[in-house]
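# Fold and geometry: a report
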Amino acid sequence: MSIQIDFKKSGGLVPAVIQDAQTLEVLMLGYMNEEAWHKTQADKRVTFFSRSKNRLWTKGEESGHCLEVVSTHIDCDQDTILIKARPKGPTCHKGNRSCFNTDYNQNFIFKLADIINKRYEFPTADSYVNRLHERGLNKIAQKVGEEAVETVIAALAEREADFVNEASDLVFHLLVLLREKDVSLEAIAKNLEGRHQ
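Residues numbered from 1 in each chain as written. Predicted model: local features only at pLDDT ≥ 70, side-chain atom pairs only at ≥ 80, totals over all residues. Heavy atoms only, no water.

The criterion, for reference: UniProt positions are given in the numbering used here, feature names are shortened, and annotations may be inferred rather than shown by experiment.
For the protein, an unreviewed UniProt entry supplies the name Histidine biosynthesis bifunctional protein HisIE and the organism Parapedobacter deserti. As stated in UniProt under Subcellular location (unreviewed entry), the record for the protein gives "Cytoplasm".

Next up, the structure:
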């Protein structure tokens, strides 16, 4: 049984929250009527009903910065839509990553995993990730071990800034190791969530 969206509850428009499918950052809020919803489903690109233009408006129709739909979710009251999307360029018309212009991408670690993945798919000679990959699994695992030891030393004996730098190096190299082993961050998150239960 498919879930129906209740467009009548609020006069024909429902809020649509747009979230980056990879980083989970909230990018923007728009409104959809039933026609915009069906167009979004059909085209796999986010289309809103623009209240200022009083018409359907596909995000990026002028700028090219569209939002490609990855998945859609309806809330429990059936009157709000969550769309996980891949942004093609900045989402905000002011050129910002998000309309909420947060200080930083709170989930940059997912973005970093994507950057590493792209280095694997499209290698370049000047890429540190590609140099590690060429040296193989043993070298990558060794680097994770070295960075783990340096992180422990920094935690016990150095300034907070040093600890943050060493912990960052450790996380980066662990992400490369995960990619080398073809294990996603999502798999780690699901495993941790399962342990928590």
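Next comes the rest of the description.
## Here we look at the state of the cysteines
Each disulfide consists of a covalent bond between the sulfur atoms of two cysteine residues. What counts is decided by this rule: Note on disulfides: each one is a pair of cysteine sulfur atoms within 2.5 Å. Working definition: with a 1.4 Å probe on protein chains only, accessible area under 20% of the residue-type maximum means buried, over 50% means exposed, and in between means partly exposed.
Counted by the stated rule, this structure contains zero disulfides. The thiol sulfur of Cys92 is not disulfide-bonded, and the nearest other cysteine sulfur, from Cys99, lies at 4.2 Å. Classification of Cys92 by relative accessible area gives buried; the value is 8%.

## What about the sheet that holds strand 2 (residues 26-32)?
What counts is decided by this rule: At least two bridges found by DSSP between two strands are what make those strands a pair. Helix and strand definitions here come from DSSP, where helices need a minimum of 4 consecutive H or I residues and strands a minimum of 2 consecutive E residues; each element is numbered from the N-terminal end. Note on geometry: axes are lines fitted to C-alpha atoms, helical ones only across the stretch in contact, with angles between N-to-C directions running from 0 to 180 degrees.
A sheet is described by the order of its strands in space; here four strands give the open sequence 2-1-6-5, paired in mixed fashion. At either end of the open sheet lies a strand with only one pairing partner, and these are strand 2 and strand 5 (67-74). Each neighbouring strand pair of the sheet contributes to a mean axis angle of 30 degrees, computed without reference to strand direction. Sheet analysis places strand 1 (residues 14-20) next to strand 6 (residues 81-87), joined by five bridges and oriented parallel. Across the sheet, the residue bridging to Val17 is Leu82, located in strand 6.

## Digging into the pairing of strand 5
Looking down a regular strand, the side chains alternate between one sheet face and the other. Here strand 5 pairs with strand 6 via seven bridges, running antiparallel. When the bridges of strand 6 are listed, Val69 appears paired with Ala85. Between strand 5 and strand 6, which pair antiparallel and follow one another directly, the connecting turn spans six residues, one of which, Gln78, has a positive phi of 60 degrees.

## Thoughts on the nonpolar core
Stated formally: To define a nonpolar core, start from buried Ala, Val, Leu, Ile, Met, Phe, Trp, Tyr and Cys residues and group those joined through side-chain atoms within 4.5 Å.
Grouped together as the largest cluster of nonpolar side chains are 17 residues, with contacts concentrated most on Ile18, Met32, Val46, Phe48, Leu67, Ile81 and Ile83. Counting residues per element, the ones that place at least two in this core are strand 1, strand 2, helix 1 (34-43), strand 5 and strand 6. Grouped together as the second largest cluster of nonpolar side chains are 14 residues, Val144, Leu177, Leu178 and Leu185 included.

## Some thoughts on the layout of surface pockets
As a reminder of what qualifies: For each structure, a 1 Å grid was placed over the protein atoms alone; sets of points admitting a 1.4 Å probe that cannot get out are labelled cavities, open sets with protein on both sides within 12 Å along at least five of seven lines are labelled pockets, and lining residues have an atom within 4 Å of a point. Grid points are joined across faces, edges and corners, and a volume is the space filled by probe spheres set on the points. Polarity classes work like this: nonpolar for Ala, Val, Leu, Ile, Met, Phe, Trp, Tyr, Cys and Pro, charged for Asp, Glu, Lys and Arg, and polar for all others, with Gly in that last group.
The space that makes up the largest pocket amounts to roughly 350 Å³. Looking at the largest pocket, it is lined by 17 residues, and the ones nearest its centre are Asp20, Gln22, Pro87, Lys111 and Asp114. Mapped onto the lining of the largest pocket, the elements with two or more residues apiece are strand 6 and helix 2 (108-121). Here the lining of the largest pocket is built from residues that sort into five nonpolar, four polar and eight charged.

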